[in-house]
Amino acid sequence: MNCQVAIIGGGPAGYTAAETAAKAGLSVALFEKHSLGGVCLNEGCIPTKTLLYSAKCYDSARHARQYAVLVPEVSFDLPRIIARKQKTVRKLVLGIKAKLAGCGAAVVTGEATILDATHVQCGGEVYTCEHLVLCTGSETFIPPIPGIDGVSYWTHREALDNKELPASLTIIGGGVIGMEFASFFNSLGVKVTVVEMMDEILGGMDKELSAMLRAEYAKRGVIFLTSTKVVSVENESNNIQVNYLTTAGQAGSVVSEKLLLSVGRRPVWKGYGLENLALERTDRGNIIVNTQMRTSLPNVYACGDLTGFSMLAHTAAREAEVAIHAILGEEDRMSYRAIPGVVYTNPEIAGVGETEERLQKQGTAYRAVKLPMAYSGRFVAENDGVNGVCKLLLAEDNTLLGAHVLGNPASEIIALAGMAIEWRLTAKAWKKTVFPHPTVGEIFKELL
């Protein structure tokens with residue numbers, strides 16, 4: 001079978017590339033060995049957000065009295081929460097299938113093997129293509145902790161499908177995934193301990209706001225062990241013991257019923273024949289691409305986690321658009337200037353552009369301005385008794401370099417700042433935008 005574009009992997013990068021190419025009139029073959037949607041839809045972004053929303057509803061009901069709403073008894077049904085998550089995933093997977101079918105993209109189910117830059121084999125058939133787009137995604141990294149093979153641990157997959165709450169849970173890794181699971185299980189009454197090797201949770205996010213989020217969850221009972229390295233794990237009766245050593249040299253241990261590993265992800269290289277392409281890679285093993293996502297082979301493109309730029313679904317989708325536009329001969333370039341990052345805890349934390357830590361490391365001059373979220377009337381009306389912070393980072397010429405928000409709904413308003421950063425707006429120009437009132441997004445205007 002011949003096609004103009006062969007795409008390996010049906011995650012956000014893969015299905016976006018397939019849809020974009022097919023709508024432009026190109027013949028497309030998308031190869032996916034599991035379910036369309038990739039990790040993000042099937043066992044990552046969407047499932048976790050579905051669970052977190054149930055937890056948020058539960059939190060809201062428990063504190064409804066603050067809003068003069070009386071709820072005499074509040075409880076939750078974990079199996080039904082998990083079932084709702086699965087229903088949501090199925091619905092969205094079917095939606096992707098329908099979209100691809102509607103635009104004429106062929107989906108080939110099975111394990112694809114790349115023979116060379118123009119040939120892909122799947123199910124005993126060889127497909128010939130003019131262009132090859134690599135979107136193989138990433139997988140959970142299991143750290144080589146002594147004793148890890150002798151204990152029964154969770155990754156995000158097991159945590160998403162578990163229908164019985166443990167009494168206690170230790171999470172190794174205080175990144176985005178770790179904190180979102182800490183939020184979920186803490187809301188449902190589990191005793192949670194987070195062990196993080198760095199001196200602060202959520203590396204890559206604004207450090208000041210990350211510390212504030214950590215303090216908020218500490219008030220709710222989550223125990224944080226930062227600047228702490230796990231040295232071994234072992235079974236302890238019916239529990240799991242995590243032994244650690246702090247950077248100050250203090251040894252200790254924490255015992256819990258369950259253990260969740262959440263120390264990061266790494267690109268998927270094995271199982272697709274990528275080694276047959278002999279692509280140029282960085283010292284860290286990421287595929288080298290130009291601003292059009294083209295690799296060292298002129299007809300081969302790489303998008304998503306393989307590039308190592310940003311292991312986020314929305315980044316992957318935009319990279320896929322750029323790659324297909326390059327194939328079509330359209331002028332487009334990938335920009336990483338304003339990639340939003342969001343942690344869907346309750347409250348949410350979001351950031352886009354530069355952080356103070358990165359600007360200081362670069363030696364870039366800037367000024368930071370910040371305000372409590374209480375300066376937004378809408379925020380006060382909907383977040384009684386809690387607060388947050390909005391911080392903007394401005395260059396010497398008053399263009400926006402970065403924006404960081406702690407408080408709901410940070411995930412929904414951060415794109416406003418992202419557009420200002422991408423288009424290099426000055427504070428004066430951005431302030432001329434008319435924001436609807438009352439909205440939480442007005443907090444940005446209060447700072448300009």
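Refer to the structure above for everything that follows.
The numbers attached to residues start from 1 for each chain and follow its sequence in the written order. Residues qualify for local features only when their pLDDT is at least 70, as the model is predicted, and side-chain atom pairs are given and counted only at 80 or more; totals for whole chains, interfaces and linings, by contrast, use all residues. Hydrogens and water are ignored here; the side-chain numbers use all heavy atoms of the structure.

## Considering the overall build of the protein
For the protein, the helix and strand inventory stands at 13 helices and 21 strands. The globule rule is 2.2 Å times the number of residues to the power 0.38, and the radius of gyration it is compared with is taken over C-alpha atoms. For 448 residues, the compact-globule estimate of 2.2 N^0.38 gives 22 Å, and the protein sits close to it at 23 Å. Its C-alpha atoms give the protein principal-axis dimensions of about 65 × 60 × 45 Å. Burial classes: relative accessible area under 20% of the type maximum marks a residue as buried, over 50% as exposed, and values in between as partly exposed (1.4 Å probe, protein chains only). Evaluated residue by residue, the protein yields a buried proportion of 51% over its 448 residues. For the protein, the share of sequence-separated contacts (at least 6 apart) that also reach a separation of at least 24 residues comes to 63%. Each accessible area value is a Shrake-Rupley result obtained with a 1.4 Å probe; residue values ignore everything except the protein chains displayed when judging cover. For the protein, the computed accessible surface area is about 20800 Å², with 52% contributed by carbon and sulfur atoms. Where helices and strands are cited, they refer to DSSP runs of H or I of at least four residues and of E of at least two residues respectively, numbered from the N terminus. Contacts were defined at the residue level, with two residues in contact if any of their heavy atoms lie within 4.5 Å.

## Structural notes on the environment of Leu392
As for its position among the elements, Leu392 is in strand S20 (residues 389-394). Under the relative-accessibility criterion, Leu392 is labelled buried at 0%. Those residues in contact with Leu392, other than ones at most four positions away along the chain, are Arg367, Ala368, Val369, Leu400, Gly402, Ala403, Trp430, Phe444, Leu447 and Leu448.

## What about the sheet that holds strand S8 (residues 168-172)?
Strand pairing is defined by DSSP finding a minimum of two bridges between the two strands. Spatial strand order, S10-S9-S8-S14: four strands in an open sheet with parallel pairing. The open sheet has two edge strands with one neighbour each: strand S10 (223-225) and strand S14 (258-261). Within this sheet the neighbouring strands show an average axis-to-axis angle of 20°, counted without direction. Helix axes are fitted only over the stretch in contact, all axes being lines through C-alpha atoms; the angle between N-to-C directions runs from 0 to 180 degrees.

## Concerning the packing of helix H3 (residues 45-62) against helix H6 (residues 176-187)
Relative orientation of the contacting elements H3 and H6 amounts to 40°, with a least axis distance of 9 Å. In terms of orientation, H3 and H6 fall into the oblique class. Seen along the crossing, H3 lies across H6 with a hand that is left-handed. Here H3 contributes Thr48, Lys49, Leu51, Leu52, Ala55, Tyr58, Asp59 and Arg62 to the contact with H6, which in turn contributes Glu180, Phe181, Ser183, Phe184 and Ser187. Note that the term roughly parallel is reserved for angles under 35 degrees, roughly antiparallel for angles over 145, roughly perpendicular for angles of 65 to 115, and oblique for everything else. Each crossing gets its handedness from the near helix: less than a right angle anticlockwise from the far helix is left-handed, clockwise is right-handed.

## Re the nonpolar core
Take the buried residues of types Ala, Val, Leu, Ile, Met, Phe, Trp, Tyr and Cys, join any two whose side-chain atoms come within 4.5 Å, and each joined set is a nonpolar core. Of all hydrophobic cores here, the largest spans 58 residues; its most connected members are Ile7, Ile8, Phe31, Leu132, Val133, Leu134 and Leu277. Those elements giving two or more residues to this core turn out to be strand S1 (2-8), helix H1 (12-23), strand S2 (28-32), helix H4 (78-103), strand S5 (119-122), strand S6 (125-134), strand S16 (300-302) and helix H8 (313-328). Top contributing element to this core by residue count: H8, with seven residues. Met179, Met205, Phe224 and Val389 belong to the second-largest nonpolar core, a separate cluster that totals 34 residues.

## Structural notes on the environment of Thr20
Its location among the elements puts Thr20 in helix H1. For the pair Thr20 and His325, spaced 305 residues apart in the sequence, the C-alpha separation amounts to 8.4 Å. The contact partners of Thr20, leaving out residues within four places of it in the chain, are Glu321, Ile324 and His325. A distance of 2.7 Å separates a polar side-chain atom of Thr20 from the backbone oxygen of Thr16. Counted as a polar contact is a pair of N or O atoms within 3.5 Å, where, for protein atoms, one must be capable of donating a hydrogen and the other of accepting one, and residues adjacent in sequence contribute only when both atoms are in side chains.

## Remarks on the pattern of salt bridges
One side-chain nitrogen of Lys or Arg within 4 Å of one carboxyl oxygen of Asp or Glu is enough to make a salt bridge. All chains considered together, the criterion is met by 20 salt bridges. Between Glu208 and Lys391 there is a salt bridge, with its nearest N and O atoms 2.7 Å apart. Separated by 183 residues along the polypeptide, Glu208 in helix H7 (residues 207-219) and Lys391 in strand S20 bring together distant segments of the chain. One salt bridge connects Lys391 with Glu356, and the closest N-O pair in it is separated by 2.6 Å.

## Points about the packing of aromatic side chains
Each aromatic pair joins two rings of Phe, Tyr and Trp (for Trp, the six-membered one) with centres within 6.5 Å, and gets the label stacked for planes under 30 degrees apart, edge-to-face for over 60, and tilted for any other angle. Using the criterion set out here, one finds eight aromatic pairs in the structure. With centroids separated by 5.1 Å and ring planes inclined at 75°, the aromatic side chains of Tyr58 and Phe76 adopt a geometry described as edge-to-face. On the criterion of sequence distance, the pair formed by Tyr58 in helix H3 and Phe76 in the loop between H3 and H4 is long-range, its members being 18 residues apart. You can call Tyr58 buried: its relative accessible area is 14%. Using a relative accessible area of 31% as the deciding quantity, one classes Phe76 as partly exposed. Linked through ring pairs, Trp154, Phe181, Phe184 and Phe185 together constitute an aromatic cluster.

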